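Spelled out from the first residue to the last, the chains are:
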Amino acid sequence: MIKILYKYIVKNFIKIFIFTTLAFSVVVIISQLLGKINFYMENKATFGIIIVHILTNAPEWLVQALPIATLLALLFSLGSLAKRNEITAMKAAGINMWHVISLFLTIGFIIGIADFACREFIVPKTTVYNRKIDTEKIKKEKVSIQADFYNQIIALKNNVRLTVGHLDIKTNTMENVVFERYNKDFELKRLVLAEKADWENGSWVLKNGVMRGSESDFLDEVYFKTYNSNINVTPEDITFKDPPYNSMNIADFNKYINQLKIFGQSVIKARITLNTRFASVFSHVIVMMIGIPFALGFRRRINIIFNFLAALSATFMYWATQAVTTSFGKNLILSPFMAAWLPNFIFLGIGVYLLVKVKK
């Protein structure tokens, strides 16, 4: 009997969830089309290119619509059970409401996993392809890639710092190079000044310079024409790039964060975004926990509108809290982990409190 009940509840939820998700996606697609129609007309984009350009943005819009679609599907499916007194019938049959609540929480977690998988495996690829269409098919502009970098300070492993006056990615060369190695107490043990450096056989070879520091005496100076620095960080790896976050998966994020560290840039924003991607898995569970008590209050008509608006308001407060904690994280008030996860912790407590108050 319980399996039949679960199947009935899940079937109703899925139907409403698919409908609300597609409805939101269609609304967003239409609004995007209307908002960019002048852009398409000015660039004389063909109908086929327009359709592909919009559809490649659809996965990103879809994942953005999932939380509100999850909430609405919960309110309508569980609320309809309460309104038709089917919840009362379940209780009369001896079914503990925690079983039903657990089912919805499990559904929320599954949706969160699907959300994460879409952001990890689908959205980055469609975003990159969308940008490619934007530049090559519509604007028809050549993508300019930065090749020259000036006055770069690069922190490497083993207490090594590399200062470069000019880095040219096209020719894989550096000019005005300063190579510094420190011991564990941050005392300078070796200083190398070079006129230039070339990327050769997987390592940077310094040329026309002077090296100060040896095992016996730091003041010793040795002039050289070539000196293998054994720095095997490729020119591409130390090239600072700032791609949109939605075009990156977890591996890309980690590489991007390492690039930021190498160039001495702040990693706070990237780490917050990365932590938020993991925290978003549980956001749908939080939405379920907030919505369930209000949906069960749909038994009386006078309470339907109030509970519906209250559930929406509570959910929007959850998202507003996310925005606030993210801002705190960027301003170094909270750690990146807490900036991403604190809203989940706060509303998890609120959700548990609301669920405990539900009459089983």
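Shown above is the structure to which this text applies.
Please read all numbers here as calculations on a predicted model, not as lab measurements. (Residues numbered from 1 in each chain as written. Predicted model: local features only at pLDDT ≥ 70, side-chain atom pairs only at ≥ 80, totals over all residues. Heavy atoms only, no water.)

**Q** Go over the overall build of the protein, please, and point to the residues and values.
**A** When helices and strands are tallied, the protein shows 10 helices and 6 strands. Relative to its length of 360 residues, the protein is extended, with a C-alpha radius of gyration of 28 Å against a globular reference of 21 Å. Its C-alpha atoms put the protein at 90 × 55 × 35 Å along the principal axes. Here the analysis covers contacts within the protein between residues at least 6 apart in sequence; of these, 59% occur between residues at least 24 apart. (Helix = DSSP H or I, 4+ residues; strand = E, 2+ residues; numbered from the N terminus. Rg over C-alpha atoms; globule rule 2.2 N^0.38 Å. Contact = heavy atoms within 4.5 Å.)

**Q** Which residues make up the packing of helix 1 (residues 2-42) against helix 5 (residues 97-138), and what are the values?
**A** Where helix 1 contacts helix 5, the two axes come as close as 13 Å, and the packing angle between them is 25 degrees. Taken together, the axis directions place helix 1 and helix 5 in an arrangement best described as roughly parallel. The hand of the helix 1/helix 5 crossing is right-handed. Where helix 1 approaches helix 5, its residues Tyr6, Ile9, Val10, Phe13, Phe17, Phe39 and Tyr40 are matched on the opposing element by His99, Val100, Leu103, Phe104, Ile107, Ile111, Asp134 and Ile138. For the contact of helix 1 with helix 5, the class distribution of residues is 13 nonpolar, 1 polar and 1 charged. (Axes fitted to C-alpha atoms, helices over the stretch in contact; angles between N-to-C directions. Parallel < 35°, antiparallel > 145°, perpendicular 65-115°, else oblique. Left-handed = near helix turned anticlockwise from the far one by under 90°. Nonpolar A, V, L, I, M, F, W, Y, C, P; charged D, E, K, R; others polar.)

**Q** Let's hear about the packing of helix 8 (residues 283-295) against helix 10 (residues 336-357): which residues, and what values?
**A** Closest axis-to-axis distance for the helix 8/helix 10 pair is 9 Å, and the angle between their directions is 25 degrees. As the angle between them shows, helix 8 and helix 10 are arranged roughly parallel. Here helix 8 runs over helix 10; the crossing is left-handed. Between helix 8, through Ile286, Met289, Ile290, Ile292, Pro293 and Phe294, and helix 10, the contact on the second element is made entirely by Asn344, Phe347, Leu348, Gly351, Val352, Leu354 and Leu355.

**Q** So what's going on with unusual backbone geometry? Residues and values would help.
**A** In the Ramachandran plot, Asn176 falls in the positive-phi region, its phi being about 55 degrees despite a non-glycine side chain. The phi torsion at Asn201 lies on the positive side, around 50 degrees, for a residue other than glycine.

**Q** How would you explain the packing of aromatic side chains if you had to name every residue and give the values?
**A** Summed over the entire model, instances satisfying the criterion amount to 16 aromatic pairs. When the ring of Trp199 is compared with that of Trp204, the centres are 5.4 Å apart and the planes differ by 65 degrees; the resulting orientation is edge-to-face. A centroid spacing of 5.8 Å and a plane angle of 25 degrees characterise the contact between Phe337 and Trp341, whose relative ring orientation is stacked. One end of the pair is Phe337 and the other is Trp341, both in helix 10 and 4 residues apart, which spans about a single turn. Judged by relative accessible area, which is 15%, Trp341 ranks as buried. Through successive ring pairs, a cluster of aromatic residues spans Phe109, Phe282, Phe337, Trp341 and Phe345. (Phe/Tyr/Trp six-rings, centres within 6.5 Å; stacked < 30°, edge-to-face > 60°. Buried < 20%, exposed > 50% of the residue type's maximum accessible area, 1.4 Å probe, protein only.)

**Q** Tell me about the pattern of salt bridges, and name the residues and values.
**A** Counted by the stated rule, this structure contains 8 salt bridges. One salt bridge in this structure joins Glu120 and Arg277, with 3.8 Å as the shortest N-O distance. Placement of Glu120 in helix 5 and of Arg277 in helix 7 (residues 268-279) is noted, with a sequence separation of 157 residues between them. Under the relative-accessibility criterion, Glu120 is labelled buried at 12%. A salt bridge links Asp198 to Lys207, with the nearest nitrogen and oxygen atoms 2.7 Å apart. The pair formed by Asp198 and Lys207 is uniform in burial state, with each residue classed as buried. (Salt bridge = Lys/Arg side-chain N within 4 Å of Asp/Glu carboxyl O.)

**Q** How would you sum up helix 1? Please name residues and give values.
**A** For helix 1, which comprises 41 residues, the first-to-last C-alpha distance of 59 Å matches the rise-based estimate of 60 Å (1.5 Å per residue) to within 8%. A maximum bend of about 50 degrees is found in helix 1 at Lys36. Lining the buried residues of helix 1 we find helix 2 (47-55), helix 3 (58-83), helix 4 (86-92), helix 5 and helix 8. (Expected span 1.5 Å × (residues − 1). Bend = angle between axes of the 7 residues up to and from the residue.)

**Q** Got a sec to walk through the sheet that holds strand 3 (residues 173-182)? Specific residues and values, please.
**A** Within a sheet, neighbouring strands are paired by backbone hydrogen bonds and run either parallel or antiparallel to one another. Pairing is antiparallel in the open sheet, where 6 strands are placed in the order 1-2-3-4-5-6. With partners counted over all chains shown, the strands left at the sheet margins are strand 1 (148-156) and strand 6 (221-228), one partner each. Neighbour to neighbour, the strand axes of the sheet diverge by 20 degrees on average, direction disregarded. (Pairing = 2+ DSSP bridges.)

**Q** So what's going on with the pairing of strand 4 (residues 188-200)? Residues and values would help.
**A** As paired elements, strand 3 and strand 4 share 9 bridges and run antiparallel to each other. In the sheet register, Phe179 faces strand 4, and the bridge partner there is Val192. Bridge count for strand 4 against strand 5 (residues 203-212) is 9 bridges, and the pairing is antiparallel. Within the sheet, the bridge partner assigned to Leu191 lies in strand 5 and is Arg212.

**Q** Summarise the nonpolar core; cite the residues concerned and give the values.
**A** With 47 residues, the main nonpolar core has Ile9, Phe13, Leu78, Ile87, Met90, Phe104 and Ile292 as its most contacted residues. Looking at this core, the elements with two or more residues in it are helix 1, helix 3, helix 4, helix 5, helix 8, helix 9 (301-330) and helix 10. The leading source of residues in this core is helix 3, at 12 residues. Setting aside chain neighbours within four positions, we find Ile87 in contact with Leu78, Leu81, Ala82, Met97 and Leu296. The next biggest cluster of nonpolar side chains, apart from the first, holds 21 residues, and it includes Ile154, Leu156, Phe179 and Phe224. (Core = buried A, V, L, I, M, F, W, Y, C linked by side-chain atoms within 4.5 Å.)

**Q** With reference to specific residues and values, describe the side chain of Asp115.
**A** Structurally, Asp115 can be placed in helix 5. Reaching out from Asp115, the side chain makes a polar contact with the side chain of His284 at a distance of 3.0 Å. Those residues in contact with Asp115 that lie beyond four places of it in its chain are Val63, Leu66 and His284. (Polar contact = N/O pair within 3.5 Å; in protein donor to acceptor, adjacent residues only side chain to side chain.)

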